Structures are given as structure tokens and as C-alpha cells.
Amino acid sequence: MRTKEANRVSISCWFIPGASGVRPAPSKTHQHPLRRWGPPTLDPLGHRISPLPFPRLATMAPSELLPRVCGTSPITLLLVCCLLPPGAQAQQFPLRLEVQNPVVPAGGSLLVNCSTDCPNPKLITLETSLFKEVVGNGLGWAAFQLSNVTSDSEVFCSGFCNNIQMKCSSNITVYRFPERVELLPLPRWQPVGENFTLRCQVAGGTPRDSLFVVLLRGEEELSRQPAPGEPAEVEVTVPVLAGRDDHLANFSCRTDLDLRPQGLRLFQNVSAPRQLRTFALPMTTPHLVVPRFLEVGTTSSVNCTLDGLFPASEVQVQLALGHQTLNSTVESHGNTITATATASVGQEGTQEVVCNMTLGSDSREARENLTIYSFQGPILNLSEPSAPEGTAVIVTCLAGPRVQVTLEGLPAAAPGQPAQFQLNATERDDRRIFFCNASLEMDGNILQRNSSVQLRVLYGPKIDQAKCPQRLTWKDKTIHVLQCQARGNPDPQLRCFQESSGVEVPIGIPFLVGLNYSGTYSCKAASSRGTHTLIVVMNVRAQNSRAVTIVLGVLVVLGVVTIVAALLCVFSVQKRSDIYHVNQGSTWLPLTSKQPEVVTSGEDPS
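Residues numbered from 1 in each chain as written. Predicted model: local features only at pLDDT ≥ 70, side-chain atom pairs only at ≥ 80, totals over all residues. Heavy atoms only, no water.

Undergrad: Where do I start with the overall build of the chain in this structure?
TA: Along its length, the chain carries 3 helices and 47 strands. Counted over contacts in the chain with a minimum sequence separation of 6, partners at least 24 positions apart contribute 62%. Approximately 35000 Å² of the chain is accessible, and the part contributed by carbon and sulfur atoms is 53%. (Helix = DSSP H or I, 4+ residues; strand = E, 2+ residues; numbered from the N terminus. Contact = heavy atoms within 4.5 Å. Areas by Shrake-Rupley, 256 points an atom, 1.4 Å probe, with all protein chains shown as cover.)

Below, the structure is given as C-alpha cells:
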């Protein structure tokens, strides 16, 4: 860039990226050898300098000269060179440094071109610590190949114009992708509502001022930070508040190497994702429901419930009775977990029931005591369950230790002792039920049980005379039932036979009575304990036809009389009619009846 000040030369350098080839020999007009490969290029003041495609240009020029000197004709240029002193001629022609790609990947190569429009240039060369190789030169230019570029570097183009040294420099930037991008392991379980830290480790990567570390939740950016320090292993941390929505969410780490300002693109490296598992466990203890007492050899249900869990499907539930783990069934309803198990024990004592619910890295536990007891009895015995009538029967009730028994209201002498009494079996004791009560005291609570037994007394058959009448009077051709019952143990068989003919009459079943049923019947009840006989007399009377005729005649007469009386009552009622006349001469006289005139024969009417 050229600026004009009084008696002062200002030298400045600017760079335009993009030169892409070895520079050929300049033409006679000293135009730039790569001009035909790109659009015209303007300096910061808007003047046309070179048509190179994206060149980087460094110039040295005195401020007194016109900006369009490089575009003049050869004759004019020769005239100017002859008229100017040697020092001014050297400053008129700039030394240009053109870099093919000033930003290269590590280990890459690039072309550098040094050129000038000086008519008498000498010793144009490139000064650098990198490995270089001359790939072409000519009047006023030289091209160099730089190989295995592994670090940022500064290169210098130098030369002489009329014995005055010219020099210009350019920076070469090397970029490297990160060697490793890793998101450190997340907590196995993270409580909801608490912070956890995302840690991303990045090894390598340059240039650092273009390298950024991004922490992601799925595709959502949680944090973007520049990579600190030198290109060694660094760690970026970000605190994150865990929520229920973060359960099973994937978190990852990404590096962005942004070389777009240098004419390249954005390079991204993403770490392997890691999944987070969050949980919520209430501070309340589980609700454990167990029986207070459990008898040896029996089973009982145990229930454990806890509400407000997340995620409920991940809860681990353990129910234990003492040192015995119970086989539980777990059901989930929303955020509620219910575990059910069946407990059984084989010996007396007090044991602890434990319910443990574990979710993530935390757990809740509830404990309840269970008293196991042994309650034997009551056992109720009869010396003879089926005793013949008149036999002595002993009734005994007994139970286990510490159990108090009471037999038919009679308590035993002491807990653990039996209760009994004796009776002589009679008919009235048949089917008698005896009761025994047993009670056991457990921690201030009374546990009770009852037992019963029935006594059967064996006795002979007996016909109940109250339910079997000994004299019956029935009419012929009517339906009747012979009601007779017999009792006994074992149950007797009852049958009734007519003594004269031996005909059996049914018992308890309706039958049609005939005249031939009249007579004396022998009703016998029989069982293995003996027999019992009862005499029943049945009298069957024939139907009387004369009496029936008289009854029918009386009924007919009564019917006729009733009908005649009704007709007489109807026709005997007659209505009497009168004729009334109104007297017009007086308005206050009452109405009077006037009998019809009777015309007497032989007299004229008056």
C-alpha cells in the first residue's frame, strides 16, 4: 500500500492468498507471469496490481511514484529507469511473495513464488527453516517447493535490485486435527435435581485459536469453549443439572476446528456418545405390611409399597424374613412399586421382616418384627364316639404348652393341662355336640381357637305315638297320607301291614283310600338294636247316596225361592204420578195437587 507524505517513504506488506502454480519467466513488459490465470487484483487503495488467483503480495515502493508504473509501456519504463537514480529505481519495483496455500495440514507441502519487476534483479531466493527445493526460476522470479511442513513458520523472499536488497515475509500456518476426543465416563446413576459434570479430554489439534470444544446432549449444544493451552491433552468441564428428561439421554463431546476465515472449511471430530441414567428416590421409607403373629407351619402374605419412584421399572426390591430371602412378585403402577411375598416359618421366636428398595446408587429400607408361635390344639376326644345307651362316656379336651382350655364352660386346672368330664349316654345325648375353647396369650394379645365333637348314642327303635295316630277314620275314594315316624340309632325301617290280609299301606305317601283298607294294621320299626310295634286301626266309610239326594234337593229349593223373591221385589215397586196446576191469579199461593175429575154416568159436567 502506498501513502504519500512529504519527503518520507512508507513501506508496507499485504497478502492475498491463492497463487497456485510455478511462475514462468516474465514478459518484456514485466507483467506478472500468472496474470492470465485469475481475475485482476486490487491493492488496498483500489489500484490494479496483479490478476493472480488469490496471490499473497508484499511490495516495497517509494511514496513519490505513481501507482500505475507497472502498467506503463516498455519505452516509458526505460525512460523512467534512465532518469531515476539507482536507489530510487530499486525502491520502485516491489518484491512479491506468493504462497500457494498459506494454511496447510501437518506434513503437507506448498509452493512459494518470489518475483519482482526490477529490470536488473539478482539473487532472488527464499529463506526458511523448512526443507525447500527450487522448482523453477527466470528473470525476476523463482519458485520453491516446501515439503513436510510440520509447524508454523515464517518464510522470507529476498533479492537485489541495482545492488539494493529487497525483502518480504509471509507466515505459514499448519493445522492438525485432534488426535483424541473423548467424553469421560458419566455417573452410573445420577440423582434427579443434582449437578453432574461433563468432562471432555482433547489431545492435539492446532491452531488452538481456531479450535473449540463443544459439549452436546444429543444434538443440543450445552457448552462451547475455546480449547485452552498448548496442543497437548486438555480437559473441559461443564456442570449440568440432571432432570427426568435426561434419563437414557446421550451425551458427547465435539471439537470444531474452524478454518473458514483462512479459506478452508470447518473440521469436526465427535467422541463416542455416553448414555446417562437418572433416578428419583423419595426420602420416605417403604410401607411394609406384615402380620404381627404367625403360627409355625402356616403362611402369610407380606406387602411392601413405595410411591414417587422414577423410573419405577428400574427398582430392585428384596424382601427377607430373617436370613431367608423371600420370593417376591413386583408390580409397577406409574411411579408406585408394590412387592408381595409369602412368608412361612418352621420354629418359634421373633424374626425381622426387611423390605429393601434400591434405585440407582441409593436405597430405602423398612423393617418390622414378626412373632412366630406354636398353638397346638384344642384337641377334643370322646372315649366312645358311638356309645350304646347307658354307657359311660369320658369327654377330654387338651392343647399344647401355655394353652388354657375350657370344656363346656369348665376350665382346666392350669395352662397346658387337659379338661374332661364323664356322662352316662342316654337317648337324649344322641347327636349332642361338645365344645372346647383354647386360648394363648402372646405379647398381651389373646389368641383363641375352638373345637367341637358330636356324640352318637346307639339305642333301639321307637315309634313316636304323637306323630302316628292309633285310630283313623277316612271315607271311601278319598286321598290320604299315613303319617308315622320312628326314631333310633341306627335309623330304623318303619313298615305297616294289615293284619288280616297282610297288605302294606304306604307311609308318608298320598294314596287313594278304598273300603278294603278298613282294618287293623301292625306298624313295626326295626333296626340292628331291636324292634318296636304300634297298632293302628283304620276305619273307611262308604259314601251315602240318599243323603246326597236330600242335600241336592234342598239346594235346588233354596235356589228357586231366592229367584222368586228377587222377581217379586222388582215388580212390586211402582211409581205414583200426580198432575200439578199453577194458579195465575196469585203468585204467593203454593202449588196444590188436583185430582182428575171422575165423570159419573147420567150427569152432565158442570
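Undergrad: What should I look at first to understand unusual backbone geometry in this one?
TA: Peptide bonds are trans in most cases, and residues, glycine excluded, mostly fall at negative phi. Each neighbour pair has its own omega, and for Thr 206 with Pro 207 the value is -5°, a cis peptide bond. Locating Pro 207 in the fold gives a position in the loop between β13 (195–203) and β14 (211–217). Cis geometry is found at the peptide bond from Asn 489 to Pro 490, where omega equals 10°. Summarising the element assignment, Pro 490 is placed in the loop between β40 (486–489) and β41 (493–498). Although it is not a glycine, Asn 148 adopts a positive phi angle of roughly 50°. Examined against the element boundaries, Asn 148 turns out to sit in strand β8 (residues 141–149). Of the residues examined, Asn 148 reaches a relative accessible area of 52% and is grouped as exposed. In this structure, Asn 163 takes a positive phi of about 65° despite not being glycine. Inspection of the secondary structure assignment puts Asn 163 in the loop between β9 (153–161) and β10 (164–175). (Buried < 20%, exposed > 50% of the residue type's maximum accessible area, 1.4 Å probe, protein only.)

Undergrad: Looking at this structure, I do not really get the sheet that holds strand β32 (residues 392–398). What am I missing?
TA: Whenever strands of a sheet pair, they do so through backbone hydrogen bonds, lying parallel or antiparallel. If you walk across this open sheet you meet the 3 strands as β30-β32-β35, and the pairing is antiparallel. This sheet does not close on itself; its edge strands, each paired only once, are β30 (379–382) and β35 (419–424). The sheet shows a mean angle of 15° between the axes of neighbouring strands, direction not considered. Pairing geometry for β30 and β32, over 4 bridges, is antiparallel. Paired with Ile 379 across the bridge in β32 is Leu 398. (Pairing = 2+ DSSP bridges. Axes fitted to C-alpha atoms, helices over the stretch in contact; angles between N-to-C directions.)

Undergrad: How do you make sense of the sheet that holds strand β21 (residues 287–289) when you look at a structure like this?
TA: As summarised here, the arrangement of the 4 strands in space is β21-β23-β27-β26, forming an open sheet in which the pairing is antiparallel. Each of the sheet's edge strands pairs with one partner strand only, and the pair in question is β21 and β26 (328–333). Between one strand axis and the next, the sheet turns by 15° as a mean value, whatever way the strands run. Pairing of β21 with strand β23 (residues 299–306), which is carried by 3 bridges, proceeds in the antiparallel orientation. Directly across from Val 289, in β23, lies its bridge partner Asn 303.

Undergrad: I'm lost on the nonpolar core in this one. Help?
TA: Among soluble globular proteins, nonpolar side chains are generally buried collectively. Counting residues in each nonpolar core, the largest one holds 28 residues, and the members touching the most others are Leu 288, Leu 309, Leu 319 and Met 357. Of all the secondary-structure elements, those providing two or more residues to this core are β23, β24 (316–321), β27 (336–344), β28 (349–359) and β29 (362–373). Apart from the residues lying within four places of it in its own chain, the contact partners of Leu 288 are Val 302, Asn 303, Cys 304, Leu 319, Val 353, Cys 355, Ala 366, Arg 367 and Glu 368. (Core = buried A, V, L, I, M, F, W, Y, C linked by side-chain atoms within 4.5 Å.)

Undergrad: Got a minute to help me understand the pattern of salt bridges in this structure?
TA: Pairs can form between side chains of opposite charge whenever their charged atoms are close. A complete count under the given rule lists 20 salt bridges for this structure. We note a salt bridge from Glu 182 to Arg 274, for which the minimum N-O separation is 3.6 Å. Of this pair, Glu 182 sits in strand β11 (residues 180–183) while Arg 274 sits in strand β19 (residues 274–276), and the two are 92 residues apart along the sequence. Note on Arg 274: relative accessible area 26%, which makes it partly exposed. In this structure, the salt-bridge partner of Arg 254 is Glu 221, at a minimum N-O distance of 3.1 Å. Of this pair, Arg 254 sits in strand β17 (residues 249–258) while Glu 221 sits in strand β15 (residues 220–226), and the two are 33 residues apart along the sequence. With a relative accessible area of 13%, Arg 254 lands in the buried category. Salt bridges sharing partners connect three or more residues here, namely Glu 221, Arg 224, Arg 254 and Asp 256. (Salt bridge = Lys/Arg side-chain N within 4 Å of Asp/Glu carboxyl O.)

Undergrad: What is the right way to look at a nonpolar patch on the surface in this model?
TA: Among the surface-exposed residues, Ile 550, Leu 552, Val 554, Leu 555 and Leu 558 lie close enough to one another that they form a single nonpolar patch of about 480 Å² accessible area. Looking at where Val 554 falls in the secondary structure, it is placed in helix α3 (residues 545–571). The class of Val 554 is partly exposed, set by a relative accessible area of 44%. (Patch = residues over 30% accessible without salt bridge, like charges linked within 9 Å, V, L, I, M, F, W, Y side chains within 5 Å.)

Undergrad: Would you mind going over the pairing of β28 with me for this structure?
TA: Across 6 bridges, the pairing between β24 and β28 is antiparallel. Its bridge partner being in β28, Leu 321 is matched across the sheet by Val 353. In the sheet, β28 pairs with β29 via 11 bridges, with the strands oriented antiparallel. The residue bridging Val 353 from the neighbouring strand is Glu 368, located in β29. In this structure, the hairpin formed by β28 and β29 is closed by a connection of 2 residues, where Gly 360 is found at a positive phi of approximately 65°.

Undergrad: It is not clear to me how the state of the cysteines should be interpreted in this structure. Could you clarify?
TA: What we call a disulfide is simply a covalent bond connecting the sulfur atoms of a pair of cysteines. On inspection of all chains with the given rule, the structure shows 7 disulfides. Between Cys 304 and Cys 355 runs a disulfide, and the two sulfur atoms are separated by 1.9 Å. Judged by the sign of its S-S torsion, about -90°, the bond between Cys 304 and Cys 355 is left-handed. Pair noted here: Cys 304 is in strand β23 and Cys 355 is in strand β28, with a separation of 51 residues, a long-range link. Residues Cys 304 and Cys 355 agree in their burial class; the two are buried. (Disulfide = S-S within 2.5 Å.)

Undergrad: Would you mind going over the pairing of strand β33 (residues 404–407) with me for this structure?
TA: Where a strand is regular, its side chains alternate between the two sheet faces. Here β33 runs beside strand β36 (residues 432–442); their pairing, made up of 4 bridges, is antiparallel. In the strand pairing of β36, Thr 406 is matched with Asn 437. Of the strand pairs in this sheet, β33 and strand β34 (residues 410–411) are connected by 2 bridges, and their pairing is antiparallel. Considered in β34, the bridge of Leu 407 is made with Leu 410. Between β33 and β34, which pair antiparallel and follow one another directly, the connecting turn spans 2 residues, one of which, Glu 408, has a positive phi of 50°.

Undergrad: Would you mind showing me how to read the environment of Asp 152 here?
TA: Mapped onto the elements, Asp 152 comes out in the loop between β8 and β9. Separated by 54 residues in sequence, Asp 152 and Thr 206 have C-alpha atoms that sit 9.8 Å apart. If we skip the residues at most four places from it in the chain, Asp 152 touches Ile 172, Thr 173 and Val 174. Within the structure, Asp 152 has its side chain in polar contact with the backbone nitrogen of Val 174 (distance 2.7 Å). (Polar contact = N/O pair within 3.5 Å; in protein donor to acceptor, adjacent residues only side chain to side chain.)

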